[in-house]
Amino acid sequence: METPTVPKSLPLRIHEGLERVATALRADDWVSARAAGVNPTQFAIMAVLEGRAMGMSVRDIALQLGVSQPSATDSIAALERKGYLIRSPAPQDRRSVRIMLTDHGQASLTAAHATRSVAERAARSLDARQQEDLLVSLVTMIRHLQETGVIPVQRMCVSCRYFRPYAHADAAQPHHCSFVDAAFGQHELRVDCREHETADPSYRAATWAEFQKDQPLNPPGL
Ligand code: SF4
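Residues numbered from 1 in each chain as written. Predicted model: local features only at pLDDT ≥ 70, side-chain atom pairs only at ≥ 80, totals over all residues. Heavy atoms only, no water.

Draft legend 1. Quick look at the side chain of Glu-50. Along the chain, the position of Glu-50 falls in the loop between helix H2 (40-49) and helix H3 (58-65). You can call Glu-50 buried: its relative accessible area is 17%. A polar side-chain atom of Glu-50 sits 2.9 Å from a polar atom in the side chain of Gln-106. (Helix = DSSP H or I, 4+ residues; strand = E, 2+ residues; numbered from the N terminus. Buried < 20%, exposed > 50% of the residue type's maximum accessible area, 1.4 Å probe, protein only. Polar contact = N/O pair within 3.5 Å; in protein donor to acceptor, adjacent residues only side chain to side chain.)

Draft legend 2. Region of the structure containing the layout of surface pockets. Here the largest pocket defines a volume of roughly 2,500 Å³. Forming the boundary of the largest pocket are 50 residues, of which Leu-25, Arg-116, Leu-138, Ile-142 and Val-191 lie nearest the centre. Elements with a contribution of two residues or more to the lining of the largest pocket: helix H1 (10-36), H2, H3, helix H6 (118-124) and helix H7 (128-147). Take the lining of the largest pocket: its biggest share by element is nine residues, from H7. Its residues assigned to classes, the lining of the largest pocket comprises 29 nonpolar, eight polar and 13 charged. Inspection of the lining of the largest pocket shows a minimum of three residues originating in each of domain 1 (14-118) and domain 2 (126-212). Here the second largest pocket defines a volume of roughly 230 Å³. Taken together, 17 residues make up the lining of the second largest pocket; nearest its centre are Cys-157, Cys-177, Val-180, Arg-190 and Cys-193. Elements with a contribution of two residues or more to the lining of the second largest pocket: strand S4 (175-177) and strand S5 (182-184). Residue contributions to the lining of the second largest pocket peak at three residues, all from S5. Looking at the lining of the second largest pocket, its residues break down into 12 nonpolar, two polar and three charged. (1 Å grid on protein atoms, 1.4 Å probe; cavity = no way out; pocket = protein on both sides within 12 Å on 5 of 7 lines; lining within 4 Å. Points joined across faces, edges and corners; volume = space filled by probe spheres on them. Nonpolar A, V, L, I, M, F, W, Y, C, P; charged D, E, K, R; others polar. Domains from an automatic or database assignment.)

Draft legend 3. Spotlight on the pattern of salt bridges. Going through the model one piece at a time under the given rule, you end up with 12 salt bridges. Between Asp-133 and Arg-129 there is a salt bridge, with its nearest N and O atoms 3.2 Å apart. Remark: Arg-129 and Asp-133 occur in helix H7; sequence separation between them is four residues, near one turn of the helix. A relative accessible area of 52% places Arg-129 in the exposed class. The salt bridge involving Arg-155 is made with Asp-192; its shortest N-O contact spans 2.7 Å. Residue Arg-155 is located in the loop between H7 and strand S3 (163-164), and its partner Asp-192 is located in the loop between S5 and helix H8 (201-212); the two are separated by 37 residues in the primary sequence. Looking at Arg-155, the relative accessible area reads 8%, which means it is buried. Overall, Asp-192 belongs to the partly exposed group, its relative accessible area being 48%. (Salt bridge = Lys/Arg side-chain N within 4 Å of Asp/Glu carboxyl O.)

Draft legend 4. Looking closely at the domain arrangement of the protein. Taken as a whole, the protein is organised into domain 1 (14-118) and domain 2 (126-212). Put simply, the middle of domain 1 and the middle of domain 2, counted by C-alpha atoms, are 24 Å apart. Contacts between the two partners involve six residues from domain 1, matched on the other side by six residues from domain 2. Across the interface of domain 1 and domain 2, roughly 570 Å² is buried in total on both sides, 48% from carbon and sulfur atoms. Three residues stand out in domain 1 for area buried against domain 2, namely Gly-51, Arg-52 and Gln-64, and they jointly supply 57% of the buried area on that side. The interface formed by domain 1 and domain 2 includes one salt bridge. The closest approach of N and O atoms between Glu-50 and Arg-194, which form a salt bridge, is 3.9 Å. (Contact = heavy atoms within 4.5 Å. Buried area = accessible area lost by both parts, 1.4 Å probe.)

Okay, here's the thing in structure tokens:
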């Protein structure tokens, strides 16, 4: 077997690796969606609404999922017919509509989540240090995507106004969440936190610079 003397670039091989993981994630999504009696796009809409008490607009749902508004509208209508979602006027503006998960939708989502396992099993094949390093790498990549406008701001600690990176000398729990007023460790960084509130861009830039100071694997910048 021939070994290439000039391998593809590392970023390209990472891209290839992520594609393989994405294939497994899509298979997982099909299993979960089938368990909930919906298709993967409808399941993704239910998942993005989970934990959002105020719901979301159709536009924001479409943006979060990277689908067109007409496609999101069709899927939302199908989910309404199943009793998984309801529409409600926005409290601040009665002319706009918020889409919310019903209790029935939440119960189906919770039951379907229990069928997910492939990607989590793969993550558990890493040791604790590797899991933490991968989490930080993913946070770094997701942040790059959001700060360059490819995806909307995600509910991650590094974009949250409550995040105080390296506020504590304790190496095991260096970060601070001022929402719950508690220290937490690197491995506890959130990727999708219900309590997240988006910080303004200057605060996000300042906390990211602080967060990166002690990240040997991640050079400063995007
Ligand atoms: S509220 Fe959530 S996202 Fe914000 S810092 Fe605390 S744990 Fe992180």
